[in-house]
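Take a look at the letters that make up each chain.
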Amino acid sequence: MAQQVSAAVRTGPSRTEFREFPMPEVPEDGALMRVDAAGICGTDVKMYAAPKITAPVIMGHENIGVVVEAGTEFSERKGVREGDLVFVEHYLPCLTCDWCHQGEYRHCEATDWRLNPDAIRYGYTSAERPPHLWGGFAQYLYLPWNAVVHKVPAGVSAELAGLVTPMSNGIEWALFDCGVGYDSTVLIQGPGQQGLSQVVACKQAGASLIIVTGTSKDAARMEVARTLGADHVVNVDQDDPLERVRDITGGKGVDVVLDCTAGAGRTPVLLGVEALKRRGGTLLVQGELATFPDFPLAKVTEKATTIKSARGHSYRACELALRQLASDRFRLDLMTTHTFGLKDVDLAIKSVGGQGAEGVIHVNLLPWKDAP
């Protein structure tokens, strides 16, 4: 095994340096994973252009790879052994706090970098912190005792498994948070990797009506949405989306609105409030708006609307996402549109943000492809 590990390190806004780090010693309760694929999402685009962590960071929080070395305690505790293909969640929780005991380790303070300067989370931790390999944009990833690990089912490739994070978000947000199920009616705003994952989750759960909105530049993604199960797609540049939703639903509105526009502003939230049914609908939003001075609180309370926040995924959602990928029921390969080698990490991230390659939905960075 190589004694040095190549990694792409973000050293400033939209700036990457390629560095080498020493191969770490693996303790009995730890492991080392060869990174075969690291998915890139919209959060990576934002954190690359305007990092909130000033220290040098190896990005990459959607990581798939093979366990190449594992201590005995790690294997016994995690149920994995050397040679297994695994998905590693980005959370590194304490496993002792109230949140962890409830199984909600995504809320654990030990992995919340926003509030805890000592927090550790893959893709968000300083590369200066030993053993350095805290992100998937590197050839290897260090797995400590508290890593959250899932075995990838047989027959699912590393590149396809790169969809686990958006798929698990789809299951968590639509099914668990918003209760989408048999005969539900749903509006999904935004046909990116998150929105398309919501389509699959809602279709699998038995939703009877799925409407997806997008812009003219999303034409190819809208066709993928149709293939994955959307009943209607609406181009908001050409049609009034609220009128179309009311027309499609006979004026009743939908049970659930899922905002997957990744910070497109107030418009999707306002549309969501209006597009929901007369009473008791659920709106899921992402925390992109710092202020909202004219938020329609009276309308929300009048309609008895429940508002949920999109916040990560649970262990169960990840397991169900892996089973979904293994089922081969949906053309999920249509979402895995691009792969890039480590030396092209800048282009890979910018492509997800719409400034590089065309036709991008989901991108995998392959650290062993054309490594510098």
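Here, every reference points to the structure presented above.
Below is a summary of the structure that appears in this document. (Residues numbered from 1 in each chain as written. Predicted model: local features only at pLDDT ≥ 70, side-chain atom pairs only at ≥ 80, totals over all residues. Heavy atoms only, no water.)

The number of helices and strands found in the chain is 12 helices and 15 strands. For the chain, the C-alpha radius of gyration of 21 Å lies close to 21 Å, the compact-globule estimate for 372 residues. Projected onto its principal axes, the C-alpha coordinates of the chain cover approximately 65 × 45 × 45 Å. The 372 residues of the chain split such that 55% are buried. For the chain, long-range pairs separated by at least 24 residues make up 70% of all intrachain contacts whose partners lie at least 6 apart in sequence. If you sum the accessible surface of the chain, you get close to 15,900 Å²; carbon and sulfur atoms cover 47% of it. (Helix = DSSP H or I, 4+ residues; strand = E, 2+ residues; numbered from the N terminus. Rg over C-alpha atoms; globule rule 2.2 N^0.38 Å. Buried < 20%, exposed > 50% of the residue type's maximum accessible area, 1.4 Å probe, protein only. Contact = heavy atoms within 4.5 Å. Areas by Shrake-Rupley, 256 points an atom, 1.4 Å probe, with all protein chains shown as cover.)

Bringing the pattern of salt bridges into the picture now. According to the stated counting rule, one finds 14 salt bridges in the structure shown. Between Asp 84 and Lys 151 there is a salt bridge, with its nearest N and O atoms 3.9 Å apart. Pair noted here: Asp 84 is in the loop between helix H2 (72-78) and strand E5 (85-88) and Lys 151 is in strand E7 (residues 149-151), with a separation of 67 residues, a long-range link. The exposure class assigned to Asp 84 is buried, which follows from its relative accessible area of 14%. Under the relative-accessibility criterion, Lys 151 is labelled partly exposed at 44%. A salt bridge links Asp 247 to Arg 244, with the shortest nitrogen-to-oxygen separation between them at 3.6 Å. Residue Asp 247 and its partner Arg 244 are both found in helix H8 (residues 241-248); the two are separated by 3 residues, about one turn of the helix. The exposure class of Arg 244 is partly exposed, given its relative accessible area of 24%. Here the salt bridges do not stand alone but share partners, grouping Glu 104, Arg 106 and Glu 172 into one network. (Salt bridge = Lys/Arg side-chain N within 4 Å of Asp/Glu carboxyl O.)

Take the pairing of strand E10 (residues 232-235) next. Side-chain direction in a regular strand flips from residue to residue, so the side chains alternate between the two faces of the sheet. Examined bridge by bridge, strand E9 (residues 209-214) and E10 share 4 bridges and lie parallel to one another. The residue of E10 that forms the bridge with Gly 214 is Asn 235. Crossover connection from E9 via helix H7 (residues 219-228) to parallel E10: handedness right-handed. (Pairing = 2+ DSSP bridges. Right-handed = clockwise from strand over helix to strand, strands pointing away.)

By the definition in use, this model includes 6 aromatic pairs. Taking the centre distance of 5.3 Å and the plane angle of 10° together, the rings of Trp 113 and Tyr 124 count as stacked. Here the residue Trp 113 occupies a position in the loop between helix H3 (98-101) and strand E6 (140-143), and Tyr 124 occupies one in the loop between H3 and E6, the gap between them amounting to 11 residues. The same class applies to Trp 113 as to Tyr 124, namely buried. Aromatic pair Tyr 140 and Trp 368: ring centres 5.5 Å apart, planes at 90°, arrangement edge-to-face. Of the two residues, Tyr 140 sits in strand E6 while Trp 368 sits in the segment after strand E15 (362-366), which places them 228 residues apart along the sequence. Look at Tyr 140 and you get buried, because its relative accessible area is 7%. A relative accessible area of 40% means that Trp 368 is categorised as partly exposed. Site record: aromatic cluster; members linked through ring pairs are Tyr 122, Trp 134 and Tyr 142. (Phe/Tyr/Trp six-rings, centres within 6.5 Å; stacked < 30°, edge-to-face > 60°.)

Attention now moves to the nonpolar core. One broad trend across soluble globular proteins is that nonpolar side chains are buried collectively. Within the largest apolar cluster, 51 residues are counted, with the highest numbers of intra-cluster contacts made by Ile 58, Phe 137, Leu 143 and Leu 365. Taken together, the elements giving at least two residues each to this core come down to strand E1 (4-12), strand E3 (31-40), helix H1 (42-49), strand E4 (62-70), E5, E6, helix H12 (345-352) and E15. Take this core: its biggest share by element is 6 residues, from E3. Non-local contacts of Leu 365, meaning those with residues more than four positions away in its chain, are made with Asp 36, Ala 37, Ala 38, Ile 40, Phe 137, Phe 340, Gly 341, Leu 342, Val 345 and Ala 348. (Core = buried A, V, L, I, M, F, W, Y, C linked by side-chain atoms within 4.5 Å.)

Once that is clear, we can look at the side chain of Thr 11. Within the element layout of this structure, Thr 11 appears in strand E1. The class of Thr 11 is buried, set by a relative accessible area of 16%. Each residue touching Thr 11, except ones within four places of it in the same chain, is listed here: Glu 17 and Arg 19.

End to end, helix H11 (residues 315-327) covers 19 Å across 13 residues, agreeing with the expected 18 Å (1.5 Å per residue, within 8%). When we look at burial in H11, the residues that qualify are Ala 317, Cys 318, Ala 321, Leu 322, Gln 324 and Leu 325. For H11, the buried positions fall inside an angular range of 155° around the axis, keeping them on one side. Across H11 from its buried face, at more than 90 degrees, point the exposed residues Arg 316 and Arg 323. The inward-facing, buried residues of H11 abut E5, E7, helix H4 (158-161), helix H5 (164-177) and helix H6 (193-205). In the segment just after H11, Asp 328 is the residue with positive phi, at about 60°. (Expected span 1.5 Å × (residues − 1). Arc of directions from axis to C-beta.)

It is worth stressing that arrangement in space is one thing and function is another; only the former is reported here.
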